[in-house]
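Examination of the molecular architecture
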Amino acid sequence: MKSKNMVYSALMIALVFVVTYLIKIPLLAGYFNVGDVIIMLTALLFGKTTAFLAGSFGSALSDIVLGFIIYAPFTFIIKGFEGYITAALFNKLILKNENLKLFISTFVSGLFMAFGYFICEAFFLKTISSTFGINKDIEFGLKVALVNLPFNILQGVLSSVIATILGIAMLKNPMIRKLRI
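Residues numbered from 1 in each chain as written. Predicted model: local features only at pLDDT ≥ 70, side-chain atom pairs only at ≥ 80, totals over all residues. Heavy atoms only, no water.

**Observations concerning the packing of aromatic side chains**
The condition that has to hold: Note on ring pairs: Phe, Tyr and Trp rings are taken, using the six-membered ring of Trp, and paired if centres are within 6.5 Å. Classes follow the plane angle, with under 30 degrees stacked, over 60 edge-to-face and the rest tilted. Put simply, DSSP marks the helices as runs of H or I at least four residues long and the strands as runs of E at least two long, and each gets a number from the N terminus on. Think of it in three bands: residues with accessible area under 20% of the maximum for their type are buried, residues over 50% are exposed, and the middle band is partly exposed, with areas taken using a 1.4 Å probe on protein chains only. Only Lys NZ and Arg CZ are tested; either one counts as a charge over a ring when it is within 6 Å of the ring centre and within 35 degrees of the ring normal.
For the structure on display, the rule yields ten aromatic pairs. Plain terms: the ring middles of F17 and Y21 are 5.6 Å apart, the flat faces sit at 20° to each other, and that makes the pair stacked. Remark: Y21 and F17 occur in helix α1 (residues 3-22); sequence separation between them is four residues, near one turn of the helix. For Y21, a relative accessible area of 32% puts it in the partly exposed group. Between F52 and F81, the ring centres sit 5.2 Å apart and the planes meet at 75°, which makes this aromatic pair edge-to-face. In this pair, F52 sits in helix α2 (residues 35-65) while F81 sits in helix α3 (residues 72-92), placing the two residues 29 residues apart along the sequence. An aromatic cluster is present here, built from F52, F57, F76, F81 and Y84 joined pairwise through their rings. For the cation-ring pair, K24 lies above Y21, with the distance from its terminal atom to the ring centre recorded as 5.1 Å.

**Points about the packing of α2 against helix α4 (residues 98-132)**
Rule in force here: Helix axes are fitted only over the stretch in contact, all axes being lines through C-alpha atoms; the angle between N-to-C directions runs from 0 to 180 degrees. Small angles under 35 degrees read as roughly parallel and large ones over 145 as roughly antiparallel, with 65 to 115 read as roughly perpendicular and the rest as oblique. Helix crossings get a hand from a simple test, with the near helix turned counterclockwise from the far one by less than a right angle marking a left-handed crossing and a clockwise turn marking a right-handed one. Any two residues whose heavy atoms approach within 4.5 Å at even a single point are treated as in contact. The residue classification treats Ala, Val, Leu, Ile, Met, Phe, Trp, Tyr, Cys and Pro as nonpolar and Asp, Glu, Lys and Arg as charged. All others, Gly included, are polar.
Running from N to C, α2 and α4 point in directions that differ by 135°, and their axes come no closer than 11 Å. Taken together, α2 and α4 sit at an angle that is classed as oblique. As α2 packs across α4, the resulting crossing turns out to be right-handed. Contacts between α2 and α4 pair D36, M40 and L44 from the former with L102, T106, S109, G110 and M113 from the latter. Residue composition of the contact of α2 with α4, grouped by class: four nonpolar, three polar and one charged.

**Concerning helix α5 (residues 142-172)**
Here is the rule: Here the expected length of a helix is defined as 1.5 Å per residue gap, with one fewer gap than residues. Fitting axes to the seven residues that end at a residue and to the seven that start at it, the angle between those axes gives the bend at that residue.
An ideal rise of 1.5 Å per residue puts 45 Å on 31 residues; α5 measures up with 44 Å between its terminal C-alpha atoms. At N148, α5 shows its largest kink, close to 35°, and the proline P150 lies no more than four residues downstream.

**Focus: the packing of α4 against α5**
Across the interface, α4 lies against α5 with an axial gap of 8 Å and an inter-helix angle of 160°. Comparing the axis directions of α4 and α5 gives the class roughly antiparallel. The element α4 and its partner α5 pack so that their crossing is right-handed. Partitioned by chemical class, the residues of the contact of α4 with α5 number 21 nonpolar, ten polar and two charged.

**A closer look at the nonpolar core**
For soluble globular proteins, nonpolar side chains are generally found buried alongside one another. Definition in use: Buried residues of nine kinds, namely Ala, Val, Leu, Ile, Met, Phe, Trp, Tyr and Cys, make up a nonpolar core once their side-chain atoms join them within 4.5 Å.
One finds L41 and L44 to be the most contacted residues of the largest nonpolar core, which totals 18 residues. Broken down by secondary-structure element, the contributors of at least two residues to this core are α1, α2 and α5. Among the elements that make up this core, the one with the highest residue count is α2 (nine residues). Look past the residues within four positions of L41 in its chain and what remains in contact with it is A163, L166, G167 and M170. Core analysis: the second largest hydrophobic core is formed by twelve residues, Y31, Y117, C120 and F140 among them.

Spelled out as C-alpha cells, the structure:
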C-alpha cells in the first residue's frame, strides 16, 4: 500500500468513527447512524481497499467506544464489505449514467448492511451474549432483529440517497475527482 493510500485510509477511518460516534439514534439493540454515508463516499473516492478499511475499523471502533462491544466483530465484517461492495459495484457497473451507477452501488451495499445486521442480531448475538456474558442488558434474537430491520433498511437507504447526492456534487468538482484512486 502506498503511503498516500495509507494516509487516506487513516483519515477515512477517523472520519467514519467520528461521524458514527457523534450522529446516532439508539435502537432496541444497537443504534441508527449515518457513518454509512462516509463509508460509501470513501468507496467512491478511494476504492475498495480504503473503503473496506474505513468501514471496518472506523465503525467497529465506534461500537467498542459506545459500549456495543458484542457488535464490533460483526460490524467489522459488515461495514467493511459495505464499503467494498459500493466500490466494486461502482467500478463494475456498465451504465452511461454515472449518477444511476452511484445510486445502485450505494443502495445495494446499504441493503447488504441492513440484512447483515439482521442475520447477526437474529442468530448470533443472543448465543454470544449469553455464552460470554457480553452486553447482557441488550435483548437479542429474531424478534429484536425483526424490529430493527426496518430501521437498518432506512439507515441503508437514507445513507445511499445522501451519499448519492453528495457523490454527484463531489464528482463534478475537478479537484475532488483528481483524488480518486
